[in-house]
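Here is how the chains run, residue by residue.
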Amino acid sequence: MGNEFELALLWLQGSYPFKPRKRYSTDYTRQFLHLRQRTNSFSALLRLRNAATREMHDFYQKLGFIQVHTPILTTNDCEGAGDVFHVLPAKQQGHQHLHESEHEQSKEAEERNRQVDEEAFFGKSTYLTVSGQLHLEALASGMARVYTFNPAFRAENSQGRRHLAEFYMLDAEFAFVSSLDDVMQNVEDLVKTTTRNLLEKNQEDFDFYMKRIASKGHEESLHRTLDTQFARVTYTEAIEMLAKRNEVTHCKPQWGHDLSKEHEQLVVKHYGGVPVFVTDWPKSIKPFYMRGNDDKKTVACFDLLVPKVGELCGGSLREERLRLLETSLKKAGLADTLSW
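Definitions and cut-offs
- Residues numbered from 1 in each chain as written.
- Predicted model: local features only at pLDDT ≥ 70, side-chain atom pairs only at ≥ 80, totals over all residues.
- Heavy atoms only, no water.
- Helix = DSSP H or I, 4+ residues; strand = E, 2+ residues; numbered from the N terminus.
- Buried < 20%, exposed > 50% of the residue type's maximum accessible area, 1.4 Å probe, protein only.
- Contact = heavy atoms within 4.5 Å.
- Expected span 1.5 Å × (residues − 1).
- Salt bridge = Lys/Arg side-chain N within 4 Å of Asp/Glu carboxyl O.

Chemist: Sorry, what's going on with the environment of Glu55 here?
Modeler: Here Glu55 shows up in helix H2 (residues 40-62). For Glu55, a relative accessible area of 4% corresponds to the buried category. Here the alpha-carbon distance between Glu55 and Asn197, two residues 142 residues apart in the chain, equals 7.3 Å. If near-sequence neighbours (up to four positions away) are discounted, Glu55 is found in contact with Thr194, Asn197 and Lys201.

Have a look at this one:
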């Protein structure tokens, strides 16, 4: 008994944006979001992204973490930088919420802001989330180990790939940790486990991506990452090293200032082209909730710098000493915003 079928050929008109056996740049392909999955490069990328997401979930599930879903709409600006998208219903978009600098702030401006807040749909200023971190901290106090893999939004006016307006971010919080080394080891294990399983289980897509899309030396860099212990260096040591190298950069490395992308890549290069944890950053450039070190100048935190990218992730111990936390909140002007 046979099966019958009909094969219909669809003639594509000349306006179709992709031609057979022709390669297109990613910038060109992104102009046609509804068609990009038909190209080999983007279909391979989407399958690899799916596999990486699954591996990260598996990693934390096996460690006993509970996945939670934190709000997309929130009243928290947990990064404190102000680079947030303000949310208003369409009928209220005629109102412009005014934010003036400290020097320009006036009672009249405060009153206008208050009136806009009272008229707003949510009753107060509401934003697209920049991170689920603060919600996770509250949840971790009762569930010990929690994580989320949610969209995050940053209103940084940049067209570069380092500052996306929308992206997915993995946040994890776990209680009863007193050593920054334990947190860094968790991050290193996550990166290595996800990368190793991605290479082993998705060889065809990986080989295609390395051949057609990745930059020269990228595959060797990945294998070096898997075979080598991540370097660990303090922020102060990194600044001193950059000063001694005396290489030409757009801005001079200075203690108390953030590292530029050039500085990040120089740090990675100096330590053999493997990922580098830069720890113990100045307190003045980090959020209030990071645990202060004994020197009273730095906090127990890290940024993980990786080749060709720069900062991949960051983490810290949380300040649990009530008096120090209250002092930090007062200095940050947030003493009246957090309570039971």
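What follows picks up the thread again.
Chemist: For this particular structure, what's the right way to read H2?
Modeler: One turn of an α-helix holds 3.6 residues; hence residues three or four places apart share an orientation. With 23 residues, H2 should reach 33 Å at 1.5 Å per residue; the first-to-last C-alpha distance of 33 Å fits that figure. Looking only at H2, the buried set comprises Ser41, Phe42, Ser43, Ala44, Leu48, Ala51, Ala52, Glu55, Met56, His57, Phe59 and Tyr60. Two residues or fewer past H2, Gly64 is found with a positive phi of approximately 85 degrees.

Chemist: Hey, could you run me through the pattern of salt bridges in this one?
Modeler: Pairing between side chains of opposite charge can happen when the charged atoms of each approach one another. Scanning the model with the defined rule gives eleven salt bridges in all. Between Arg318 and Glu137 there is a salt bridge, with its nearest N and O atoms 2.9 Å apart. You can see Arg318 sitting in the loop between strand S9 (310-316) and helix H10 (322-331) and its partner Glu137 sitting in helix H4 (residues 133-143), a full 181 residues away along the chain. The residue Arg232 makes a salt bridge to Glu188 at a minimum N-O spacing of 3.9 Å. Residue Arg232 is located in strand S6 (residues 231-234), and its partner Glu188 is located in helix H5 (residues 180-201); the two are separated by 44 residues in the primary sequence. Taken together, the shared-partner salt bridges connect Asp181, Glu188, Lys192 and Arg232 into one network.

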